[in-house]
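Read off the chains here:
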Amino acid sequence: MTEEWRKAAERVRNWGRWGADDQLGTLNLLTPDRIAYAATRARQGRSISLGVPFDADGPQGSGGFRRNPIHLMAVDGGDADLTANLSGWGGAAEAQVTGMYASGPMRFNDDYIMMPLQAATQWDALSHVYYDGLLYNGYPAAAVTSRGASKLGIERVAERGGVVGRGVLVDVARHRNVARLDAGTVIGPHDLDAVIEAQGAAIEPGDILVVRTGWWTRFLETRRSGEWFGGSPGLSWRCAEWLHAHDISAVAVDNPAVEVMRPEDGVMLPLHMLALRDMGMPLGEIWDLEALGHDCAEDGVYDFLLCAPALRIPGAVGTPISPVAIK
Ligand code: UVW
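From a predicted model like this one, the values you see are computed outputs, not experimental measurements. (Residues numbered from 1 in each chain as written. Predicted model: local features only at pLDDT ≥ 70, side-chain atom pairs only at ≥ 80, totals over all residues. Heavy atoms only, no water.)

### Observations regarding the nonpolar core
Counting residues in hydrophobic clusters, the biggest one holds 72 residues, and the most contacted among them are W123, L209, V211, L235, V251, W287 and L292. Leaving out residues up to four positions away in the same chain, L209 has contacts with V168, V170, L192, I203, W242, L243, I248, A250, V251 and A252. A120, W215, F219 and W228 belong to the second largest nonpolar core, which has seven residues in total. (Core = buried A, V, L, I, M, F, W, Y, C linked by side-chain atoms within 4.5 Å. Buried < 20%, exposed > 50% of the residue type's maximum accessible area, 1.4 Å probe, protein only. Contact = heavy atoms within 4.5 Å.)

Set out below in structure tokens:
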């Protein structure tokens, strides 16, 4: 790790800022005042989905340590025929389904999903990454075991009712008049300033920064997940001090990892480390910002009420989400 990166890590580190036992990090900046203010940004009653599909055709491919979701039906209408035509097929399940179907014309369907919590649109919990053996706020890496995260699990976010706040879209691709940024494009702090100034929505403390690169459309075009991950444009780790100085509460991008996926100064996932481990700032990945981008360009309004609650999964290091922007 470079000296420059280490020094930046010290400058942005929020450990102790909200108490020695804090597990929420920058979500502490989403105060009641800021949430009430965010609600006033929903003025026209338009709700825009920011989530990508959780399906077998998703961005995880089949080769890495993650897989695409597998969706299985557990009960469906065809089971009525099964109970009628194939007695003895399923023990207790048969008894249960027969009992329900035999009692009248009303039926039900049920299903399961098997997937990594990081399969598609998600928040990374603060327990997701670490270095030098320490997690955010100095918790030991050993706080995360095969039984889950005993500290900094995603349930902390869910229990506090988050993530809800004022979102601000920074549409870097549209600002540059391109459908999407080229592979490997690095977005630096000055780029954020330039786009925000052109768009006209000033950043305020506690805001959730939502950055559009257009990169999600590349995946939809090719469905080649390896190339999509490896070529991703995104934020430079040098944006960490910008995020810190502006008191951003969370950052979400339409790419796989928020940051640019090319080595910057020899550090592995450098912005991940500064955001999650040093600042305590949740990262939102694989968001679909196409509809929001169009909407903001049309009415010239780049802020909105953003609702992206975490699932309450004790000990999880991330959560699938289906965020919405309400304008
Ligand atoms: C890792 O940091 C390993 O994954 P993600 O980009 O999903 O947060």
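### Thoughts on the site of the ligand
Inspection of the region around the ligand gives R66, Q122, D124, H128, P256, A257, L269, H272 and E285 as its neighbouring residues. In the model, an oxygen atom of the ligand is placed 2.8 Å from a nitrogen or oxygen of the H128 side chain. Between an oxygen atom of the ligand and a side-chain N or O atom of E285, the distance comes to 2.8 Å. With the chains in place, 84% of the 260 Å² that the ligand exposes on its own is no longer accessible. Looking at the shell around the ligand residue by residue, the class counts come to three nonpolar, three polar and three charged. (Near = heavy atom within 4 Å. Polar contact = N/O pair within 3.5 Å; in protein donor to acceptor, adjacent residues only side chain to side chain. Areas by Shrake-Rupley, 256 points an atom, 1.4 Å probe, with all protein chains shown as cover. Nonpolar A, V, L, I, M, F, W, Y, C, P; charged D, E, K, R; others polar.)

### Observations concerning the environment of Q96
By the secondary structure assignment, Q96 is in helix α4 (residues 91-102). Judged by relative accessible area, which is 52%, Q96 ranks as exposed. Considered as a pair, Q96 and N137 are 41 residues apart in the sequence and their alpha carbons are 50 Å apart. (Helix = DSSP H or I, 4+ residues; strand = E, 2+ residues; numbered from the N terminus.)

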